[in-house]
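Geometric and topological summary
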Amino acid sequence: MKIILTLFITLMSFGAVAHCPLYFADENKCASLEWTDGPVLNANSSFRVFFWEKGDADHSYVSPEQSVEMKTWMIMANGHSHGGPTITWDEVENGVFEVADAKFFMGGMNGHWQVKVIVGEEEQSVNVEF
Amino acid sequence: MFRSLTPIYFFLFLTLIVSCGDSPFLSNEEPSKAISGVSGISSYQGKLFLKDIEIIPRYTKKVELYDSNSLNFILINGSGELVDPEYSIKLMLWMPDHGHGSYPIVLTKISKGVYSASEIYFTMPGKWDLHFQLIDEGQIVAEELWPIAL
């Protein structure tokens, strides 16, 4: 029983340290995206993106050294994909980027939206679920 | 007496001429259907009508892909007077070749017969139709398409 408990705690600890939803290898940083309003269709949605050093269990937010960009992206069922309305962001504190004007719509499209987070030349995506 | 007043009349006349300009929606010297400042965009030369009301649209600035675009338009009757239609107006973007629309357009009435449409997003290059619709209880009673190529 003690062995199982130790193993469980160890695995959970590794899990916490390894928590890295979006990994940017160039800077060895992780990021996560959290919705603060939405996501919704046909109205503004808001979210924050948090960056931290990979392996930092405390997730102390750090600003990436390279430029950070974000955009929405539609992947259509017919294989085509395209961008969405331009979004803007502010780094509201070190390593925390805020977007308040993400606009999603379907308008008869068959597909799904993503948010793309780009650090330097490296790009990671988050699927948007409404 | 009159001789002494002549400079004043002249000044007033000059002030009148200088201060009178066209309406901001009508001052563009280009044809009313032109989309100014955009190279490579085709301009529809025909007239746009919703029932018997003519629509004269103008983009407020250069049209940009992915960015928020806006346009102003006026509605005039056969006598050239500004009019409001008896039904509500709706604008909608549609990409006929791909069979989908875009983000909902926000329509604001500025004054009688004068409207502003904002949040017009062209999310890819190609042929788009801007639909001007008259809506009565959820049903389209009249519709006009303004073809736009980006």
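Let me begin by describing the structure that accompanies this report. All residue numbers refer to position in the chain's written sequence, counted from 1. Whichever chain is written first becomes A and whichever ligand is written first becomes 1, with later ones labelled in order. With pLDDT at 70 or above as the cut-off, local features in this predicted model cover only qualifying residues; side-chain atom pairs require 80 or more to be listed or tallied, and sums for whole chains, interfaces and linings still use all residues. For side-chain calculations, the full set of non-hydrogen atoms in the structure is used, while hydrogens and water are omitted.

1. Let's talk about the environment of M70 of chain A
Residues and elements named next belong to chain A. By definition, any uninterrupted DSSP run of H or I lasting at least four residues is a helix, any uninterrupted run of E lasting at least two residues is a strand, and each is numbered from the N terminus. In this fold, M70 is placed in strand β4 (residues 68-76). Sequence-wise, M70 and V117 are 47 residues apart; in three dimensions their C-alpha atoms are separated by 4.7 Å. The contact rule is simple, with two residues in contact once any of their heavy atoms fall within 4.5 Å. Apart from the residues within four sequence positions on either side, M70 is in contact with F47, V49, I87, W89, F97, V99, K116 and V117.

2. A word on the pattern of salt bridges
The rule for a salt bridge is simple: a side-chain nitrogen of Lys or Arg has to be within 4 Å of a carboxyl oxygen of Asp or Glu. One pass over the full model with this rule turns up five salt bridges over all chains. Among the salt bridges present, the one from E98 of chain A reaches R48 of chain A, with a minimum N-O distance of 2.9 Å. Here R48 of chain A lies in strand β3 (residues 44-53) and E98 of chain A lies in strand β7 (residues 96-103), a separation of 50 residues in the sequence. Of the residues examined, E98 of chain A reaches a relative accessible area of 29% and is grouped as partly exposed. On the basis of relative accessibility, which here comes to 25%, the residue R48 of chain A falls in the partly exposed class. Between K109 of chain B and D84 of chain B there is a salt bridge, with its nearest N and O atoms 2.5 Å apart. Of the two residues, K109 of chain B is situated in strand β6 (residues 106-111) and D84 of chain B in the loop between β3 (69-76) and β4 (88-95); the sequence distance between them amounts to 25 residues. A 1.4 Å probe rolled over the protein chains alone gives each residue an accessible area, and that area as a share of the maximum for its type sets the label: buried under 20%, exposed over 50%, partly exposed in between.

3. A look at the interface of chain B and chain A
Counting residues at the interface gives 13 residues for chain B and 15 residues for chain A. What gets called buried area is simply the loss in accessible area from a 1.4 Å probe that two parts show on being joined, summed for both. Interface of chain B and chain A: buried area, both sides summed, is about 1,100 Å²; carbon and sulfur atoms make up 64% of it. Broken down residue by residue, the surface that chain B buries against chain A is led by Y66, Y103 and T123 of chain B, which jointly contribute 44%. If you look at where chain B meets chain A, you find zero salt bridges. Under the rule applied, a polar contact is a pair of N or O atoms within 3.5 Å (in protein, one hydrogen donor and one hydrogen acceptor; residues adjacent in sequence only if both atoms are side-chain atoms). Remark: the boundary between chain B and chain A carries five residue pairs in polar contact (both at pLDDT 80 or more). For this classification, the nonpolar set comprises Ala, Val, Leu, Ile, Met, Phe, Trp, Tyr, Cys and Pro, the charged set comprises Asp, Glu, Lys and Arg, and every other residue, Gly included, is treated as polar. Grouping the constituent residues of the side of chain B that touches chain A by class yields six nonpolar, five polar and two charged.

4. Topic: the state of the cysteines
Residue and element names in this part refer to chain A. Pairs of cysteine sulfur atoms within 2.5 Å are what we label disulfides. Scanning the entire structure with this criterion turns up one disulfide over all chains. The partner cysteine of C20 in its disulfide is C30, sulfur to sulfur 2.0 Å. On the S-S bond that ties C20 to C30, the torsion sits near -105°, and the link is left-handed. Here C20 is found in the loop between α1 (2-18) and β1 (22-24), whereas its partner C30 is found in strand β2 (residues 29-37), with ten residues between them in sequence.

5. A word on the sheet that holds β7 of chain A
Residue and element names in this part refer to chain A. Strands are labelled as partners when DSSP assigns at least two bridges between them. As summarised here, the arrangement of the five strands in space is β1-β2-β3-β7-β6, forming an open sheet in which the pairing is antiparallel. A single partner strand is all that each edge strand has here, and the edge strands are β1 and β6 (89-93). Each adjacent strand pair in this sheet contributes to an overall mean axis angle of 30°, direction not counted. Bridge analysis of β6 against β7 gives four bridges, and the strand direction is antiparallel. When the sheet's bridge partners are listed, E93 is paired in β7 with V96. Axes here refer to lines fitted to C-alpha atoms; in helices the fit is confined to the stretch in contact. Angles between the N-to-C directions go from 0 to 180 degrees.

6. A word on the packing of aromatic side chains
Pairs were defined over the aromatic rings of Phe, Tyr and Trp, the Trp ring being its six-membered one, requiring ring centres within 6.5 Å. Orientation was assigned from the angle between planes: stacked under 30 degrees, edge-to-face over 60, tilted for the rest. Following the criterion strictly, the structure yields 13 aromatic pairs over all chains and no others. For the ring pair F104 of chain A and W113 of chain A, a centre distance of 5.6 Å and an interplane angle of 70° mean the geometry is edge-to-face. Note on accessibility: F104 of chain A and W113 of chain A belong to one class, buried. An aromatic cluster of three or more residues is present, and its members are W35, F47, F104, F105, W113 and F130 of chain A together with Y103 and Y121 of chain B. Criterion for a charge above a ring: Lys NZ or Arg CZ within 6 Å of the ring centre, and within 35 degrees of the ring normal. Between the NZ or CZ atom of K54 of chain A and the centre of the ring of Y23 of chain A, over which it lies, the distance is 5.1 Å.

7. Section: the nonpolar core
Within the largest apolar cluster, 27 residues are counted, with the highest numbers of intra-cluster contacts made by L71, F73, L91, F122, L130, F132 and W146 of chain B. Definition used in this section: a nonpolar core is a set of buried Ala, Val, Leu, Ile, Met, Phe, Trp, Tyr and Cys residues joined via side-chain atoms within 4.5 Å. Core analysis: the second largest hydrophobic core is formed by 26 residues, V68, V99, F105 and W113 of chain A among them.

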